[in-house]
Amino acid sequence: MDYKYINKIDSPADLKKVKLEELPDVCAELRQFIIEALSTNPGHLGSSLGTIELTVALHYVFDTPNDKLVWDVGHQAYAHKILTGRRDRFHTNRQFKGLSPFTNPKESEYDAFIAGHASNSISAALGIEIGNGKLKMDNGKFSNVVAIIGDGAMTGGLAFEGLNNTSMDKNNLLIVLNDNNMAIDPLKGGFTQYLVDLTTSTSYNKLRWWIYKAASKLHIMNERKRQRILRRHTSFKAMFSKNANNIFTGLNIRYFGPTDGHDVINLVRILNEIKNHRGPKVLHIITKKGKGYAPAENDQTVWHAPGEFNVASGERLQVTGDGLRVPPLWQEVFGEKLLELAKGNEKIVGITPAMPSGCSMSIMQKELPDRVFDVGIAEGHAVTFSAGLAKAGMLPYCNIYSTFLQRAYDNIVHDVALQNLHVVFCIDRAGIVGNDGATHHGLLDLAYLRPIPNMQICAPRTAEDLRQMMDLAEKMEGPVAIRYPRGRVTGYGLQVTEVKYGKGVKLRDGKDLAVLSIGSIGNAVSEAIEELKIKNYEFKIAHYDMRWLKPLDEEILHEVGKKYKTIVTAEDGVIAGGLGSAVLEWMADHGYTPHVIRLGVNDQFVEHGSTKELYHMLKLDKEGICESLLQVPVK
Ligand SMILES: Cc1ncc(C[n+]2csc(CCOP(=O)(O)OP(=O)(O)O)c2C)c(N)n1
């Protein structure tokens, strides 16, 4: 498309050549560009549409990349990517070998810090700010550091830890709080209400704005006088009881706003005003998720990441458009089963850290709203809160994505496992998750959960396995982790076998070689073995679905240890510490000496791409497993 402005913007220096009054046109073009691009190459639409004016204003005012922008999550940074020399590659965003899904310093010097997991921006930016000061940047020039954080990400404990630290050490950090009253789902909770109160305290704000605007107009004034007025206006607000309690001011962080985050010209003025203020400061802006695209404004949860869509009609393209009955999503199997269990047991409650739609706990939320707790983007709290609920005699099913559960490791160890509390961890998005990439793959959970005493760990291969594991977990004691992948259930319609505690299942008998798998990768193993059968591969391969990583099925292990000289283990996680390690250790401890070949993910962070491409790259799809099995030296 023929864009008048953005086609000529290859860096923020080009943006700075545009006249102030033309910036709304630049924003309009960026909006159009992002909508068009995402309609065929899906991504995080709503959040990025909401930050366009802010992004333009930041790059217009600040001297990036010398000044540092630290984006929280980084899913709202598409305009930032486009303005910083990545416009021509934007059509590859999130694709295999394409642009990173979030901000990534490896990709661009304009990306000051890694992003993907929420709530780290304030801590990281503060570290950069203080570190820069200590090193006295080149030629004594200090760079500005800005953290841009959403109100959703502000609900995370880490953000508050960052704020607390910001208030106590000498620094000039600017925190832009992008308040749209949404995470992926609507936000609830005290902090959200607090921001609403700040926003709606109208008479106070009108007065402040009057003073602020008057100060802004006084361009003839020198910087010292202007700052004095601004200082007075900040202390002035303390006279009003509501804002005397302003959390930021209370923490000694100067507070500006709230202001319209879609008025780019005004944002430029404000940022110019406050950027040279000494000391830490917060600029609170109000934005709308999905701004400028009606379907996205009207259904903000769905349009957070809508998939492909028709720009003109706003229709989302359905994956299931062929009319065929398709397997359900793993998360739906979880969501429906949880509701069923909860209806039969009033002690069962659901806990989710800001992902009710993402994990389908929304199914239970609709029918039993009082029994579901969406606690904000607060994984550590979600786990300890679950521990408290268990202590009180409730039965929490705490659903957290594998990658985000990493945030809560000590809460699992100290608050749950040490007291052997009956908390059921339902770990969604385990394994490769696809286009969200390295920050989001769930490759570590088997390895990080296995060493924790009292922890019991299982992984379903089929939808029915998941249902039965959730049933079993209700009757067990102590902490239980059930991990399952993203996407549609594989192994749909497979023969049902009863899931028993600590027991695996033999899927086929063999002669020369045994494959032990855990979880849904077992389906790729089954397909690979079928393929080898067609090729008349001479040795016969046994296949066991272990189902449980902890406790291990020792009966199977004795059988395999006695019968096979070669064992292949398969898991969709890191090799170090997972099933393969467990089997090797067990064999060594019990005097068996098979040759154990471990299939899984080697010591590496895995990039982004489709799940199919990535499993192929890792040789963990049918073809890759075939290839590995063909190379196995059979004695
Ligand atoms: C630690 C962590 N937990 C959960 C998520 C999933 N997640 C991605 S964006 C998002 C909502 C963020 O809300 P907010 O910061 O307000 O940004 P918005 O999308 O509203 O612009 C969530 C929960 C995450 N990225 N990181």
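Just above sits the structure.
Residues numbered from 1 in each chain as written. Predicted model: local features only at pLDDT ≥ 70, side-chain atom pairs only at ≥ 80, totals over all residues. Heavy atoms only, no water.

**Some words on the pairing of strand β5 (residues 281-286)**
Here comes step 1: For β5, the buried fraction is high: 5 of the 6 residues fall into the buried class.
Here comes step 2: Where strand β3 (residues 174-179) meets β5, 6 bridges bridge the pair, whose relative direction is parallel. Considered in β5, the bridge of V176 is made with L283.
Here comes step 3: Across 5 bridges, strand β4 (residues 254-260) lies against β5 in parallel orientation. Bridging across to β5, F256 finds its partner in L283.
Here comes step 4: Taken together, β4, helix α13 (residues 264-274) and β5 form a β-α-β motif whose crossover is right-handed. (Buried < 20%, exposed > 50% of the residue type's maximum accessible area, 1.4 Å probe, protein only. Helix = DSSP H or I, 4+ residues; strand = E, 2+ residues; numbered from the N terminus. Pairing = 2+ DSSP bridges. Right-handed = clockwise from strand over helix to strand, strands pointing away.)

**Let's talk about the pattern of salt bridges**
Here comes step 1: As enumerated under the stated definition, the model contains 30 salt bridges in all.
Here comes step 2: Residue D428 pairs with R429 through a salt bridge whose shortest N-O separation is 3.0 Å.
Here comes step 3: A relative accessible area of 0% means that D428 is categorised as buried.
Here comes step 4: One salt bridge in this structure joins K533 and E530, with 3.6 Å as the shortest N-O distance. Placement of the pair is K533 and E530 together in helix α22 (residues 521-534), with a separation of 3 residues, close to one helical turn.
Here comes step 5: Several salt bridges share partner residues, and in doing so they unite K81, R86, E107 and D111 into one network. (Salt bridge = Lys/Arg side-chain N within 4 Å of Asp/Glu carboxyl O.)

**Considerations on the sheet that holds strand β9 (residues 424-428)**
What holds strands together in a sheet is hydrogen bonding between their backbones, with the strands either parallel or antiparallel.
Here comes step 1: The strand order β7-β6-β8-β9-β11-β10-β15 describes an open sheet built from 7 strands, whose pairing is mixed. Strands with a single pairing partner mark the edges of an open sheet, and in this sheet they are β7 (372-374) and β15 (548-550). With direction set aside, neighbouring strand axes in the sheet form an average angle of 20°.
Here comes step 2: In this structure, β9 lies alongside strand β11 (residues 480-483), joined through 4 bridges in parallel fashion. (Axes fitted to C-alpha atoms, helices over the stretch in contact; angles between N-to-C directions.)

**Describing the side chain of S581**
Here comes step 1: Position of S581 relative to the elements: it lies in helix α24 (residues 579-589).
Here comes step 2: When sequence neighbours within four positions are dropped, the list of residues in contact with S581 reads R450, I575, A576 and R598. (Contact = heavy atoms within 4.5 Å.)

**Section: the packing of helix α2 (residues 23-40) against α13**
Here comes step 1: The contact between α2 and α13 brings their axes to 8 Å, and the two run at 115°. Two secondary-structure elements touch here, α2 through L23, P24 and C27 and α13 through V264, I265 and V268.
Here comes step 2: Grouping the constituent residues of the contact of α2 with α13 by class yields 6 nonpolar, no polar and no charged. (Nonpolar A, V, L, I, M, F, W, Y, C, P; charged D, E, K, R; others polar.)

**Comments concerning helix α7 (residues 157-168)**
Here comes step 1: In this model α7 runs 17 Å from its N-terminal to its C-terminal C-alpha over 12 residues, within 8% of the 16 Å that 1.5 Å per residue would give.
Here comes step 2: Looking at the buried positions of α7, the neighbouring elements they touch are α6 (121-135), β2 (145-150), β3 and α12 (247-250). (Expected span 1.5 Å × (residues − 1).)

**Overview of the packing of α2 against helix α5 (residues 78-86)**
Here comes step 1: Axis separation between α2 and α5 bottoms out at 10 Å; the angle between their running directions is 105°. Between α2 and α5, the angle is such that the two are roughly perpendicular. Contacts between α2 and α5 involve L30, F33, I34 and L38 from the first element and Y78, A79, I82 and L83 from the second.
Here comes step 2: The residue makeup of the contact of α2 with α5, split by class, is 8 nonpolar, no polar and no charged. (Parallel < 35°, antiparallel > 145°, perpendicular 65-115°, else oblique.)

**Notes on the side chain of N180**
Here comes step 1: Position of N180 relative to the elements: it lies in the loop between β3 and α8 (190-200).
Here comes step 2: The class of N180 is buried, set by a relative accessible area of 14%.
Here comes step 3: Looking at N180, its side chain comes within polar contact range of the main-chain nitrogen of M182, at 3.0 Å.
Here comes step 4: Not counting chain neighbours up to four residues away, the residues in contact with N180 comprise D151, T287 and K289. (Polar contact = N/O pair within 3.5 Å; in protein donor to acceptor, adjacent residues only side chain to side chain.)

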